[in-house]
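Remarks on the overall topology
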Amino acid sequence: MSGDDDGLGTYRRKRRFDRTEEPEGERAGGGEEPRYVVQIHDATSLHFDFRLEWDGVLKSWSVPKGPSMNPHDKRLAMPTEDHPLDYRTFEGVIPRGEYGAGPVIVWDEGTYEPLSRDFGKALAKGHISFRMHGGKLRGDWALSRFRSGEDGEREAWLLVKKSDSHASSRGTPDPWRVRSALSDRTLKQVREEPAERWTREGGRR
Ligand code: MN
């Protein structure tokens, strides 16, 4: 599959790749364990971007308040367009005037284990459970659609931590204080050093 037939047409139509450093990407085969990434993005409003690798793309939700470790918190998750797998390591500043303008950090990354039987079908039906194996997010979570988006309203889901040994009352950490899993920088540092490129080791490329 190529071009707009690979499920990333919406993603590409929203962006101008001669102006943003975000990857153009393509549908790709994954490794053995599907991966996830949670980015923090200070666009029109600050939000967390929650992305699960599935079927060669990153299924994506925008979570305004971010994932909470507390099973009592139900976090609104608005679906957004599928992103390419390469987006997993995107960190930087989307330029002013472009779609999603503002700084992005990779807050957390890792792999996840689908718990729902026939995960693809469960995703289409609007209820998935999965076990996260990340640097920060761990244990079992659920994403459930509560509004279909069919009657003119936007489709909407809830992201909820399940009760297990990884649950806690800590909620969500302050998005302005946390550091990137890739570069150890804060959102503010990324905003102030847009031209810098950092590797995982913390050196400049
Ligand atoms: Mn975003």
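Values in this document were obtained by computation on a predicted structure and should not be read as measured data.

What follows concerns the coordination of the manganese ion. In the first shell of the manganese ion, the protein supplies His41 (ND1), His47 (NE2) and Asp49 (OD), at 2.1 to 2.3 Å from the metal. In primary sequence terms, the donor set of the manganese ion follows H-x5-H-x1-D. An identical accessibility class is assigned to His41 and His47; each is buried.

Let's shift gears to the UniProt feature "domain: DNA ligase D 3'-phosphoesterase" (unreviewed entry) in the protein chain. The feature "domain: DNA ligase D 3'-phosphoesterase" (unreviewed entry), as annotated in UniProt, sits at residues 39-145 in this numbering. Secondary structure content for residues 39-145 is 7% helix and 57% strand, while the C-alpha to C-alpha distance between its ends is 21 Å.

Counting buried residues along strand E2 (residues 46-54), 7 of its 9 residues qualify, which places the element largely inside the surrounding structure. Where strand E1 (residues 35-42) meets E2, 7 bridges bridge the pair, whose relative direction is antiparallel. Each residue of the ladder has a partner; that of Gln39, found in E2, is Asp49. In sequence, E1 turns back onto E2 through a hairpin of 3 residues. Bridge count between E2 and strand E3 (residues 57-63): 7 bridges; the pairing is antiparallel. The residue bridging Arg51 from the neighbouring strand is Ser60, located in E3. Hairpin connection between E2 and E3: a loop of 2 residues separates the two successive antiparallel strands, and Asp55 in this loop has a positive phi of roughly 55°.

Here we take up the packing of aromatic side chains. Centre-to-centre distance and the angle between the planes together describe a pair of aromatic rings. Overall, the coordinates contain 9 aromatic pairs when judged by the stated rule. Taking 5.9 Å as the distance between ring centres and 90° as the angle between the ring planes, the aromatic pair formed by Tyr11 and Tyr87 counts as edge-to-face. Of this pair, Tyr11 sits in helix H1 (residues 9-13) while Tyr87 sits in the loop between strand E4 (75-83) and strand E5 (92-94); the two residues are 76 residues apart in sequence, bridging distant segments of the chain. In this pair, the class of Tyr11 matches that of Tyr87, namely buried. For the pair Phe48 and Trp107, a centre-to-centre distance of 5.6 Å together with 90° between the ring planes defines the contact as edge-to-face. Of this pair, Phe48 sits in strand E2 while Trp107 sits in strand E6 (residues 102-114); the two residues are 59 residues apart in sequence, bridging distant segments of the chain. Of the two residues examined, Phe48 and Trp107, each falls in the buried class. Connected via pairs of aromatic rings, a cluster forms that spans Phe50, Trp54, Tyr112, Phe119 and Phe130.

A few words now on the nonpolar core. Counting 27 residues, the largest nonpolar core has Phe50, Leu52, Trp61, Ile128, Phe130, Leu137 and Leu143 as its most contacted members. Counting 12 residues, the second-largest nonpolar core is a separate cluster that includes Leu8, Tyr87, Phe90 and Val104.

It is worth spelling out the environment of Asn70 at this point. Mapped onto the elements, Asn70 comes out in the loop between E3 and E4. Judged by relative accessible area, which is 15%, Asn70 ranks as buried. When the C-alpha positions of Asn70 and Asp108 are compared, they lie 17 Å apart, and in sequence the two are 38 residues distant. Here Asn70 is in contact with Lys161, Ser168, Ser169 and Gly171, once residues within four sequence places are set aside.

Applying the stated rule across the entire model yields 17 salt bridges. In this structure, the salt-bridge partner of Glu98 is Arg16, at a minimum N-O distance of 2.8 Å. Of this pair, Glu98 sits in the loop between E5 and E6 while Arg16 is found in the loop between H1 and E1, placing the two residues 82 residues apart along the sequence. The salt bridge partner of Asp118 is Lys121, with a shortest N-O separation of 3.8 Å. Residue class for Asp118 comes out partly exposed when judged on its relative accessible area of 45%. One network of salt bridges, with partners in common, ties together Lys14, Arg15, Glu22 and Glu81.

What counts and what doesn't
Residues numbered from 1 in each chain as written. Predicted model: local features only at pLDDT ≥ 70, side-chain atom pairs only at ≥ 80, totals over all residues. Heavy atoms only, no water. Donors = N, O, S within 2.8 Å, 3.2 Å for Na, K, Ca; no water. Buried < 20%, exposed > 50% of the residue type's maximum accessible area, 1.4 Å probe, protein only. UniProt positions renumbered as here; feature names shortened; annotations may be inferred. Helix = DSSP H or I, 4+ residues; strand = E, 2+ residues; numbered from the N terminus. Pairing = 2+ DSSP bridges. Phe/Tyr/Trp six-rings, centres within 6.5 Å; stacked < 30°, edge-to-face > 60°. Core = buried A, V, L, I, M, F, W, Y, C linked by side-chain atoms within 4.5 Å. Contact = heavy atoms within 4.5 Å. Salt bridge = Lys/Arg side-chain N within 4 Å of Asp/Glu carboxyl O.

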